[in-house]
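So you can see what is in the structure, the chains are spelled out below.
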Amino acid sequence: MAAARISRGQYGARLKYVLLLPAVVWVVAFTFLPLVSVIRYSFAAYVLGRGITGYVGLANYIEVVNSARFWHSIMVTAIYVAVSVPVEVALGFLIAWLVHLGPPGTRTFRTIIGAPLFTMEVAIGYLGVTMFSSQGGLIAVLLAKIGIDIPWLSSAWGGLAAAIVLDIWRWTSFMFLIVLAGLGSITTELYDAAILDAKNHWQVMWRLAVPLAWPVTSIAILLRTIESLKVFAIPFALTTGGPGTSTEVFSATDYLTTIQFFDFGKGSAMGIVFLIMVSAVITVFFRQMRRRLG
Amino acid sequence: MTNVLWVRASMWSRLIVYVLLIGAAAWTLMPFAWAIVNSVKTLADTFQAGAIIPFVDFTPTLKSWDEVLSDPQVVRAFVSSIVVSAGTTVFVLLLGVPAAYSLARFEFPIDSNDITLWFLSQRVLPPAVVLVPFYLLMVQFRLIDTWTGLIFCYSTFNLAFAVVIMRDIFRDVSTEIEDAAKVEGASAWQVFWMIALPLSLDGLVVTSVLVFAFSWNEALFASALTSQDAMTFSALVLASRSTRGVDFNIASVNTLIGIIPPVILYFFVQRYLARGLSFGAVKG
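The rules behind these values
Residues numbered from 1 in each chain as written. Chains lettered and ligands numbered in written order. Predicted model: local features only at pLDDT ≥ 70, side-chain atom pairs only at ≥ 80, totals over all residues. Helix = DSSP H or I, 4+ residues; strand = E, 2+ residues; numbered from the N terminus. Rg over C-alpha atoms; globule rule 2.2 N^0.38 Å. Buried ≥ 20, exposed ≤ 12 C-beta atoms within 10 Å, placed from the backbone. Contact = placed C-beta atoms within 7 Å. Expected span 1.5 Å × (residues − 1). Domains from an automatic or database assignment. Nonpolar A, V, L, I, M, F, W, Y, C, P; charged D, E, K, R; others polar. Core = buried A, V, L, I, M, F, W, Y, C linked by C-beta atoms within 7 Å. Pairing = 2+ DSSP bridges. pLDDT = per-residue confidence, 0-100. Axes fitted to C-alpha atoms, helices over the stretch in contact; angles between N-to-C directions. Left-handed = near helix turned anticlockwise from the far one by under 90°.

Help me get a handle on the overall build of chain A, residues and values and all.
Counting its secondary structure elements, chain A contains 13 helices and 2 strands. Since a compact globule built from 294 residues should have a radius of gyration of about 19 Å, the 24 Å found for chain A marks it as more spread out than a globular shape. For chain A, the spread of C-alpha atoms along the principal axes amounts to about 70 × 70 × 30 Å. Among the 294 residues that make up chain A, the fraction classed as buried is 45%. Nonlocal contacts in chain A, meaning residues at least 24 apart in sequence, comprise 70% of its contacts between residues at least 6 apart.

Structure, rendered in structure tokens:
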């Protein structure tokens, strides 16, 4: 063992850096350097065609902090993530457990339920219009028939709710596929032991599957939260942020500020404020999860 | 593989499991079915939400398909999406797979788990935040509205995932054969190129499909950085959503065109998908 270690230490000593460095350089060049320039732009006055015309101190930040539209987009994003991610985690886990039981037809169920992850989000948002529209939309019409008449796309709450439903439809599959992979590592002997002291089926799930699949599940939750905070396509394709700007998520606000109004200084400052908030949330979240892992 | 719990489950438990699974499958299939039905309706028929069954409730027609597919802009956007997604996939694999192998097999002064986490940490950065520098970079290098520009951006966003997933896959491959080859005098490069890579082919395919699907899906940068020549299908869908409003039949055809290519790829690789999504490496 010791001998193998030593030989491995010398073996490929140069190659390992040759293989790794291009990716590292790429990430530094195109993730960290752009981030540095965002910070620079956030303190600058930028005029399209002329570039940076001067530095304005905190003016961009003050504008962002005083912008109702910005804070509203943060609130919309927060609600969106806080509702959709827990539902996706719970549903994804439950369905993965059921598929993991392996009833006849499992492969068909697995194939169907995993498919939404591979669909195009803007297309789903676009299709969502035809499902939530009060004029002949499938879901709107069906719900109206049983007395639930919600102005889905003509109200802020309705639009947000509809977008969240679509998000759950698409992203539950992500949790499902990862948890299913995690459950695959539980061996039969563990089940035999668990059956002996569990009262029923659901107890086996809670006592055995949930803890054993937790390492993979927790990573899936972390990844899903990270990705969910970037949300853009589904709500924007569904409502284009409307009515007004009431369902505009952060990415949509930043996108419009940058590309529609070419306000690069403000767009950059907005991004930095958001990034600080996101990093704080992710760090706290990550610590909590590590603690629970023990 | 049938679980021992299923074998011992009572009739009632089995029934509940089936009802729930069928419910989940129906919920998943519903939007597809709705899109297919609406795509063969005329605009007038789409106002009848209750008309579900073709030939019985309404006369199906391929007119909407014809209308969409005869639009050269749609064809061009579709081609753009294919080229950009495929280009990104190739480029990400070229950069990411060697790095992943290196992290899986070799020791570094810094713990390779930490290096992997460092790669993953860049996923925290929302693309919208770096839109300004990327936009200006594209302007400077005259890459606005080009395939190259988009491939460049998407490669940056997808590299981390590819590294993390492929590292996992390389670590799953037994090192015995590699060790044997080393004893035979193979160089480290030969071991990587002629042994590790061929043994990880299914993982490579899964990673490719995931990167392809994620690139295909992207809409924010596609909308910001392209306008005509390199406009992808996702950007086109978003643009027509805001300019043309929504005709159910046209929206449905567009949705199906946008959904089909990655979903077909998924069907081919779904058996191996569990390998690519186990994320065992970052357990810490």
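Any details on the overall build of chain B? Residues and values, ideally.
For chain B, the count of helices and strands is 14 helices and 0 strands. When the elements of chain B are put in sequence order from the N terminus, they spell out α-α-α-α-α-α-α-α-α-α-α-α-α-α. Considered along the principal axes of its C-alpha atoms, chain B spans approximately 70 × 65 × 30 Å. Of all 284 residues assigned to chain B, the portion counted as buried reaches 47%. When contacts within chain B are restricted to residue pairs at least 6 apart in sequence, those whose partners lie at least 24 apart make up 80%.

Explain the interface of chain B and chain A to me, and be specific about the residues and the numbers.
Of the residues lining the interface, 85 residues belong to chain B; the matching set on chain A comes to 85 residues. When residues in the side of chain B that touches chain A are grouped by element, the largest group, 14 residues, is from helix 2 (residues 11-39) of chain B.

So what about helix 4 (residues 68-100) of chain A? Which residues, and what values?
Between its first and last C-alpha atoms helix 4 of chain A spans 47 Å; for 33 residues at 1.5 Å apiece the expected length is 48 Å, and the two agree. Downstream of helix 4 of chain A by one or two residues, Gly102(A) has phi in the positive range, about 75°.

I'd like to hear about the domain arrangement of chain A, residue by residue, with values.
Residues and elements named next belong to chain A. Under the domain assignment used here, chain A contains domain 1 (2-60) and domain 2 (64-293). Taking only C-alpha atoms, the centre of domain 1 and the centre of domain 2 are 30 Å apart. At the junction of the two partners, domain 1 supplies 9 residues and domain 2 supplies 9 residues. The greatest single-element share of the side of domain 1 that touches domain 2, amounting to 4 residues, is contributed by helix 2 (residues 15-42). Looking at the side of domain 1 that touches domain 2 residue by residue, the classes come out as 7 nonpolar, 2 polar and no charged.

Outline the domain arrangement of chain B, listing residues and values.
A common way to express how large an interface is: the accessible area buried when the components associate. Residue and element names in this part refer to chain B. Each domain of chain B was delimited in the assignment, giving domain 1 (4-65) and domain 2 (71-283). Using only C-alpha atoms to locate each centre, domain 1 and domain 2 end up separated by 31 Å. Listed by partner, the interface residues are 10 residues for domain 1 and 8 residues for domain 2. For the side of domain 1 that touches domain 2, the elements supplying multiple residues, two or more each, are helix 2 and helix 3 (63-69). The biggest single contributor to the side of domain 1 that touches domain 2 is helix 2, with 4 residues. Of the residues in the side of domain 1 that touches domain 2, the class split is 4 nonpolar, 5 polar and 1 charged.

Got a sec to walk through the environment of Ala49(B)? Specific residues and values, please.
Turning to its location among the elements, Ala49(B) is positioned in the loop between helix 2 and helix 3. Apart from the residues lying within four places of it in its own chain, the contact partners of Ala49(B) are Gly136(A), Gly137(A), Leu138(A) and Val141(A).

Can you explain the nonpolar core? Please cite residues and give values.
Val179(A) and Val163(B) are the most contacted members of the largest nonpolar core, which totals 165 residues. Contact partners of Val179(A), with chain neighbours within four places excluded, come to Gly92(A), Phe93(A), Ala96(A), Ala213(A), Val216(A), Thr217(A) and Ala220(A).

An account of the environment of Asn66(A) is needed here, citing residue identities and associated values.
Within the secondary structure, Asn66(A) sits in the loop between helix 3 (59-65) and helix 4. The exposure class assigned to Asn66(A) is exposed, which follows from the 9 C-beta atoms found within 10 Å.

So what about the pairing of strand 2 (residues 51-55) of chain A? Which residues, and what values?
All names here are of chain A. Along strand 2, only 0 of the 5 residues are buried, which leaves the element largely exposed. Pairing geometry for strand 1 (residues 44-47) and strand 2, over 4 bridges, is antiparallel. In the strand pairing of strand 2, Tyr-46 is matched with Ile-52. Counted between consecutive antiparallel strands, the loop separating strand 1 from strand 2 contains 3 residues, among which Gly-49 sits at a positive phi close to 90°.

Go over unusual backbone geometry, please, and point to the residues and values.
Going from Gly242(A) to Pro243(A), the amide bond is cis rather than trans, its omega being 0°. Considering the arrangement of structural elements, one finds Pro243(A) in the loop between helix 11 (233-239) and helix 12 (250-260). Within the chain, Arg142(B) stands out as a residue other than glycine whose phi angle is a positive 55°. For Arg142(B), the position within the fold is in the loop between helix 6 (131-140) and helix 7 (147-172). Given 10 C-beta atoms within a 10 Å radius, Arg142(B) is considered exposed.

Break down the environment of Leu138(A) for me, citing the residues and quoting the values.
Of note, Leu138(A) is situated in helix 7 (residues 138-145). Leu138(A) has contacts with Met131(A), Trp34(B) and Ala49(B), leaving out every residue within four places of it along the chain.

Go over the confidence of the model for chain B with me, naming the residues and quoting the values.
Residues and elements named next belong to chain B. For chain B, the mean per-residue pLDDT works out to 89, and 97% of the residues sit at or above 70. When pLDDT is averaged over each element of chain B, helix 4 (residues 72-105) comes out on top at 96 and helix 14 (residues 273-276) at the bottom at 76. Among the scores for the predicted complex, ipTM is 0.92 and pTM is 0.92.

Got a sec to walk through the packing of helix 4 of chain B against helix 7 of chain B? Specific residues and values, please.
Residue and element names in this part refer to chain B. Two elements in contact, helix 4 and helix 7, have axes separated by 6 Å at closest approach and are oriented at 40°. The crossing of helix 4 and helix 7 is right-handed. Across the contact of helix 4 with helix 7, the residue classes tally to 21 nonpolar, 6 polar and 3 charged.

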